[in-house]
Amino acid sequence: YFSADEIDITEKALFGELTYEITDKWDATIGLRAYDYEVSARSGVDLPLYYSVFEGRASDSIDLELTEAPTEDDSGTLFKFNTSYKFTSDTMAYATISEGFRIGGANGAPACPDNVDDLNNQIVCALPDEQTYGADTTTNYELGVKTNFFNNKLQVNTSLFYVDWEDPQVTGATVNGQQTITVNAEGAASKGLELSLRGRANDYLTMYATY
């Protein structure tokens, strides 16, 4: 198949952070992001090989009719909170809770005709729930410690994290024509431990290790 699409994205956002020093060793940060976006698209698909072989169309012809896809739009706010505490000049612990998102969009496939189930010929098209996909969002939790030893010659950082992912955008395919599209899955999660070390043996040799 041969496909083409025109996509117009309008996105607006307002964001900022405020940090407050509770003590000389302890501070807290609050962040907020307000967003709004709109995605509009026109798309079309042609099957030149099929139509030239089975329908008698000229072999070098491309016949595209771009059709409007439903508009995808969303708005909302994202939150961030971080606090850190310096136990010593060489040891700092922190905790972060934050939210993230990725805008939705339109897939480059035209809408299926109402009688698509009755057609006997080749067709590449998108059902109503395949034309667009929504935004995906994450809620992130992280707890970590940053340290350095021996006059900053050895740095050791470690953290625990958990990410709750809603409506993740994954690769799918249309029912009619198996054209690659983006769809929203139900959910996912990521959790684990991170560890990084940096050691400076001398002025010429520095070593790194991560896990």
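Every value quoted in this text rests on a predicted model; they were computed, and no experiment measured them.

Draft legend 1. The arrangement of the overall build of the protein in detail. In terms of helices and strands, the protein carries one helix and 13 strands. Listing each helix as α and each strand as β along the protein from the N terminus yields β-β-α-β-β-β-β-β-β-β-β-β-β-β. Here the protein has a C-alpha radius of gyration of 26 Å; the compact-globule value for 211 residues is 17 Å, and the former is much larger. Principal axes of the C-alpha set define a box for the protein whose edges measure 80 × 40 × 25 Å. Here the analysis covers contacts within the protein between residues at least 6 apart in sequence; of these, 63% occur between residues at least 24 apart. On the protein, roughly 13800 Å² of surface is accessible, and the fraction owed to carbon and sulfur atoms is 52%. Here the protein contributes 13 positively and 34 negatively charged side chains, and the mean placements of these two sets differ by 19 Å.

Draft legend 2. Layout of a nonpolar patch on the surface. A cluster of nonpolar side chains, namely Y20, I22, W26, Y85 and F87, defines an oily patch on the protein surface of about 530 Å² accessible area. In this fold, Y20 is placed in strand β1 (residues 2–21). A relative accessible area of 57% means that Y20 is categorised as exposed.

Draft legend 3. Geometry of the layout of surface pockets. Approximately 380 Å³ is the volume attributed to the largest pocket. Every residue lining the largest pocket is counted, 19 residues in all, and those nearest its centre are V45, Y51, D63, E65 and P110. Its residues placed into classes, the lining of the largest pocket shows 11 nonpolar, four polar and four charged.

Draft legend 4. Up close: the side chain of T132. Turning to its location among the elements, T132 is positioned in strand β7 (residues 132–133). Residue T132 is classed as buried on the basis of its relative accessible area, which comes to 19%. Apart from residues no more than four positions distant in its own chain, T132 is found in contact with P70, E72, G105, A106 and N107.

Rules of the game
Residues numbered from 1 in each chain as written. Predicted model: local features only at pLDDT ≥ 70, side-chain atom pairs only at ≥ 80, totals over all residues. Heavy atoms only, no water. Helix = DSSP H or I, 4+ residues; strand = E, 2+ residues; numbered from the N terminus. Rg over C-alpha atoms; globule rule 2.2 N^0.38 Å. Contact = heavy atoms within 4.5 Å. Areas by Shrake-Rupley, 256 points an atom, 1.4 Å probe, with all protein chains shown as cover. Lys, Arg positive; Asp, Glu negative; His and termini not counted. Charge placed at Lys NZ, Arg CZ, Asp CG, Glu CD. Patch = residues over 30% accessible without salt bridge, like charges linked within 9 Å, V, L, I, M, F, W, Y side chains within 5 Å. Salt bridge = Lys/Arg side-chain N within 4 Å of Asp/Glu carboxyl O. Buried < 20%, exposed > 50% of the residue type's maximum accessible area, 1.4 Å probe, protein only. 1 Å grid on protein atoms, 1.4 Å probe; cavity = no way out; pocket = protein on both sides within 12 Å on 5 of 7 lines; lining within 4 Å. Points joined across faces, edges and corners; volume = space filled by probe spheres on them. Nonpolar A, V, L, I, M, F, W, Y, C, P; charged D, E, K, R; others polar.

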